[in-house]
Structures are given as structure tokens and as C-alpha cells.
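Analysis of the macromolecular model
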Amino acid sequence: MPAPTTIDGFLELGFKSGLLERESLDAARSTWSRDGILPHTPQELADLLIQQGLLTHFQAEKLIAGRWRGFMISNKYRLLERLGAGGMGAVYLCEHILMGRKVALKILPVQQAEDPASLARFYREARAVARLDHPNIVRAYDIDHDDKLHFIVLEFVDGCNLHDFVRRNGTMIPARAAHYIRQAALGLQHAHEAGLVHRDIKPGNLLIDRQGIVKLLD
């Protein structure tokens, strides 16, 4: 659909997408009216909805561009943000609609899903991760598909990868580096004991959560 040019047009997309609920929107509008806030453009409304926690930046950007489909996956997961991308697909932060739990969905691009070899590799990866259960490895909860969309449901790690951490904060002191290396080695040892080899260990595949726990990815 074309990008909305009016507030009503933006709201129509928001309702069609399943992201906006009339009750929550009415409550937000009451607050704005009380505070004398009146959005005049779709972008101003989107910014207010982000501030109220009714939309994420990712969701608002898509609606502003006229894109409203694909936010609900398998009628179970609501798409919140894009976390990153790799050779086997993009990873999105999602929320389980009924449970309210945040998870990471690794989604195989549709073009690769049409290739039997790529699809088989994707499912092999899911089965491999499912065999592992260790605090230093990202856990896999499920694998599923929604029509042509195939995805792995992974543990969401609230943090960043080691590559980005060093890029933002600079060289680590040896003690901290050794602490992270030790955790990665423990995760690898668990995988090796299960007969698996990672084959792509690098800072970008080491996630660090807010408690300083390292988790192997991919």
C-alpha cells in the first residue's frame, strides 16, 4: 500500500496490522488531550505511539512506509524489532502473543526456503541447537513455518555481540577478556561433547547479556 498521508490513514494501517488496539489508543489519546498534545501528521502520531510504548521504532517505520503485513507470525508471535542478519537469514525480536515472552526468531529468506538444500540445512541447524542445553549457548525452543516463512524460535539475549561491544568500548582488560573466553570455551566444550563443531567462532557470534554472561550463537 502507498505510504499514509493522513493520521486516519496511518491508524487504518495500524489496526489492519494487528499492532494497534482501539482501547489502548483511546487511553493514549485521552492523555494527549489532557496534556494539550495534538499530532498533525502520521510521523508525529508515530513518535507519540513510540513514546507511549504502543509501537516500536521498527513497527512505526514500516507503517509509515505503508507496510502493514507480516507483523503476526503463525498467529503466535508479534514482530517487534530487527536484531540483525547473517548468511542463513535475519533475526527479529518477537513477543509471544499469549505468553508475553520475548524471543528471537531466525527467519530463513523465502528465496532460500525454496531451495531444498538450504531448507534442509536450516532444519539441521535447528536440530543441532536443540540437542544443546548450556548457560553459555543460545537455546532453541522451536522450529516452525507460516506458509513459506520458515523460522527457528531462539532464546532472546538482551545485550550485544562481542564485536560491537569492543567497537563501542575499546580494548578490554586481560582479565575481562579471559573471563569471556572462558565462558565461550565452556559452551564449546558442551557442544563438542554432543558431537558438534561450531565452525564459525568469531566475536560477532558471541553474545554478552547485561549480566556479563557469554552465549554462543549460530
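1. A closer look at the overall build of the protein chain
In terms of helices and strands, the protein chain carries eight helices and nine strands. In terms of its C-alpha atoms, the protein chain occupies a principal-axis envelope of roughly 60 × 45 × 30 Å. Looking at the 218 residues of the protein chain, the share that counts as buried comes to 40%. Put simply, 52% of the contacts in the protein chain that link residues at least 6 apart link residues at least 24 apart. For the protein chain, the accessible surface area stands at approximately 12,700 Å², while carbon and sulfur atoms represent 52% of it. Here the protein chain contributes 27 positive and 26 negative side-chain charges, whose respective centroids are spaced 5 Å apart.

2. Brief notes about the packing of helix α3 (residues 42–51) against helix α4 (residues 57–64)
Contact geometry of α3 with α4 gives a least axis separation of 10 Å together with a crossing angle of 160°. Considering their axes alone, α3 and α4 lie roughly antiparallel with respect to each other. For the pair α3 and α4, the crossing hand works out as right-handed. For the pair formed by α3 and α4, the contact residues are P42, Q43, A46 and I50 on the first element and H57, A60 and I64 on the second. Broken down by class, the residue content of the contact of α3 with α4 amounts to five nonpolar, two polar and no charged.

3. Examining the sheet that holds strand β3 (residues 89–96)
As summarised here, the arrangement of the six strands in space is β1-β2-β3-β4-β6-β5, forming an open sheet in which the pairing is antiparallel. The open sheet has two edge strands with one neighbour each: β1 (72–73) and β5 (140–146). Relative to strand β2 (residues 77–86), β1 runs antiparallel, the two being bridged by two bridges. The residue bridging M72 from the neighbouring strand is R78, located in β2. The strands touched by α4 are β2 and β3; relative to β2, the strand with the most contacts, the crossing angle is about 95°.

4. What about the layout of surface pockets?
Its volume calculated, the largest pocket comes out at about 1,200 Å³. For the lining of the largest pocket, the secondary-structure elements that each account for two or more residues are β2, β3, β4 (102–108), α6 (116–130), β6 (149–155) and β7 (159–161). No other element matches α6, which puts five residues into the lining of the largest pocket. Its residues assigned to classes, the lining of the largest pocket comprises 21 nonpolar, nine polar and 10 charged. A volume near 450 Å³ is recorded for the second largest pocket.

5. Side note on the packing of aromatic side chains
A complete count under the given rule lists four aromatic pairs for this structure. For the pair F122 and Y123, a centre-to-centre distance of 6.4 Å together with 75° between the ring planes defines the contact as edge-to-face. With a relative accessible area of 21%, Y123 lands in the partly exposed category. For the cation-ring pair, R22 lies above F15, with the distance from its terminal atom to the ring centre recorded as 3.9 Å. Across the ring face of Y141, the terminal group of R101 is positioned such that the distance to the ring centre comes to 4.6 Å.

6. Section: the packing of helix α1 (residues 7–17) against helix α2 (residues 22–35)
To characterise two packed helices, one gives the angle between the axes of the helices and the distance between these axes. As a packed pair, α1 and α2 sit with axes 11 Å apart at the nearest point and diverge in direction by 145°. Across the interface between the two elements, I7, L11 and F15 from α1 touch R22, L25 and R29 from α2. Per-class residue counts for the contact of α1 with α2 are four nonpolar, no polar and two charged.

7. Describing the pairing of β4
Burial within β4 is extensive, with six of its seven residues counted as buried. Where β3 and β4 come together, six bridges link them in antiparallel fashion. For E95, the partnering residue across the bridge sits in β4 and is K102. Connecting β3 to the next strand, β4, in antiparallel fashion are five residues, including G100 with a positive phi near 75°. Relative to β6, β4 runs antiparallel, the two sharing six bridges. In the sheet register, V103 faces β6, and the bridge partner there is E155.

Conventions adopted
- Residues numbered from 1 in each chain as written.
- Predicted model: local features only at pLDDT ≥ 70, side-chain atom pairs only at ≥ 80, totals over all residues.
- Heavy atoms only, no water.
- Helix = DSSP H or I, 4+ residues; strand = E, 2+ residues; numbered from the N terminus.
- Buried < 20%, exposed > 50% of the residue type's maximum accessible area, 1.4 Å probe, protein only.
- Contact = heavy atoms within 4.5 Å.
- Areas by Shrake-Rupley, 256 points an atom, 1.4 Å probe, with all protein chains shown as cover.
- Lys, Arg positive; Asp, Glu negative; His and termini not counted.
- Charge placed at Lys NZ, Arg CZ, Asp CG, Glu CD.
- Axes fitted to C-alpha atoms, helices over the stretch in contact; angles between N-to-C directions.
- Parallel < 35°, antiparallel > 145°, perpendicular 65-115°, else oblique.
- Left-handed = near helix turned anticlockwise from the far one by under 90°.
- Nonpolar A, V, L, I, M, F, W, Y, C, P; charged D, E, K, R; others polar.
- Pairing = 2+ DSSP bridges.
- 1 Å grid on protein atoms, 1.4 Å probe; cavity = no way out; pocket = protein on both sides within 12 Å on 5 of 7 lines; lining within 4 Å.
- Points joined across faces, edges and corners; volume = space filled by probe spheres on them.
- Phe/Tyr/Trp six-rings, centres within 6.5 Å; stacked < 30°, edge-to-face > 60°.
- Lys NZ or Arg CZ within 6 Å of the ring centre and 35° of its normal.

Read these as layout, nothing more, since geometry by itself doesn't imply function.
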